[in-house]
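Analysis of the macromolecular model
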Amino acid sequence: PAIRRAPARDLDPDSDLGDLPVAVDVGDLPDGAVDAALLGGVNRARGMLACGLIAGAHLGLRDRGASVGDVPARRLGNGAGA
């Protein structure tokens with residue numbers, strides 16, 4: 001209930017995610033919920049990577065993050081490689 005979602009196309013009509021829901025707002029979450037959400041996302045991304053659907057993904061929630069596969073540093077917003 002602390003997470004509000006919307007179809008990706010509502011945020012960007014050119015998104016290749018189409019009608020898939022993406023998080024647009026996240027309320028207060030306990031640390032355990034943040035960890036569980038990131039782990040779930042990592043597991044899903046690993047499955048997509050294994051199927052050849054993605055080359056990599058970076059997931060971020062609050063002050064935590066995780067990467068799977070090939071994610072160029074400049075895309076992570078840390079200025080590296082820019």
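What comes next concerns the included structure. None of the values given here were measured: they were computed from a predicted structure.

What follows deals with unusual backbone geometry. Most peptide bonds take the trans configuration, and most residues that are not glycine carry a negative phi. Despite not being glycine, Arg62 shows a phi value in the positive range, around 55 degrees. Position of Arg62 among the secondary structure elements: in the loop between β3 (56-61) and β4 (64-69).

Now for the environment of Arg62. Given a relative accessible area of 48%, Arg62 falls into the partly exposed group. Arg62 sits 28 residues away from Val34 along the chain, and the two C-alpha atoms are 7.7 Å apart. Every residue in contact with Arg62, bar those within four places of it in the chain, is listed here: Val26, Gly27, Asp28 and Val34. At a separation of 2.8 Å, a polar atom in the side chain of Arg62 contacts the main-chain carbonyl oxygen of Val26.

Our next topic: the pairing of β3. Looking down a regular strand, the side chains alternate between one sheet face and the other. Only one face of β3 is covered, namely the face carrying Ala57, Leu59 and Leu61; the face carrying Gly56, His58 and Gly60 is uncovered. Summarising the sheet, β3 and β4 pair through six bridges and their orientation is antiparallel. Residue pairing for β4: Leu59 is matched across the bridge by Ala66. Taking the residues between adjacent antiparallel strands as the criterion, β3 and β4 are bridged by two residues, where Arg62 takes a positive phi near 55 degrees.

The biggest cluster of nonpolar side chains holds ten residues, and these are Val26, Val34, Leu38, Val42, Ala45, Ala57, Leu59, Leu61, Ala66 and Val68. Residues contacting Leu61, with those up to four places away along its chain left out, are Val26, Leu29, Val34, Ala37 and Leu38.

Examined against the element boundaries, Val22 turns out to sit in strand β2 (residues 21-26). The spatial distance from the C-alpha of Val22 to the C-alpha of Arg9 is 9.5 Å, given a sequence separation of 13 residues. Contact partners of Val22, with chain neighbours within four places excluded, come to Arg4, Arg5, Ala6, Ala8, Leu11 and Leu17.

Another point: the pattern of salt bridges. One pass over the structure, following the stated rule, counts four salt bridges. The shortest N-O distance in the salt bridge between Asp19 and Arg9 comes to 2.1 Å. Here Arg9 lies in helix α1 (residues 8-11) and Asp19 lies in the loop between α1 and β2, a separation of ten residues in the sequence. With its nearest N and O atoms 3.6 Å apart, the salt bridge here joins Arg64 to Asp35. A residue pair is termed long-range when its members are at least 10 positions apart, and Arg64 in strand β4 and Asp35 in helix α2 (residues 31-50) qualify at 29 residues. Overall, the relative accessible area of 29% leaves Arg64 in the partly exposed class. Taking the relative accessible area as the measure of exposure, Asp35 reaches 41% and is therefore partly exposed. Three or more residues are tied together by salt bridges with common partners; here these are Arg9, Asp10 and Asp19.

Calculation notes
- Residue numbering note: each chain is counted from 1, following its sequence as written.
- Thresholds applied to this predicted model are a pLDDT of at least 70 for local features of residues and 80 or more for the giving and counting of side-chain atom pairs; totals over whole chains, interfaces and linings are not thresholded and use all residues.
- As a convention, hydrogens and water are excluded, and side-chain values are obtained from all of the structure's heavy atoms.
- The helix count covers DSSP runs of H or I at least four residues long, the strand count covers runs of E at least two residues long, and both are numbered beginning at the N terminus.
- Accessible area is worked out with a 1.4 Å probe on protein chains only. A residue is then buried under 20% of its type maximum, exposed over 50%, and partly exposed in between.
- Contact definition: two residues touch when any of their heavy atoms are within 4.5 Å.
- Between N or O atoms, a polar contact is any pair within 3.5 Å; within protein, one atom must be a potential hydrogen donor and the other a potential acceptor, and residues adjacent in sequence are included only when both atoms are from side chains.
- Strand pairing requires that DSSP identify at least two bridges connecting the strands.
- In this description, a nonpolar core means a group of buried Ala, Val, Leu, Ile, Met, Phe, Trp, Tyr and Cys residues linked to one another through side-chain atoms lying within 4.5 Å.
- Salt bridges are defined as contacts in which a side-chain nitrogen from Lys or Arg sits within 4 Å of a carboxyl oxygen from Asp or Glu.

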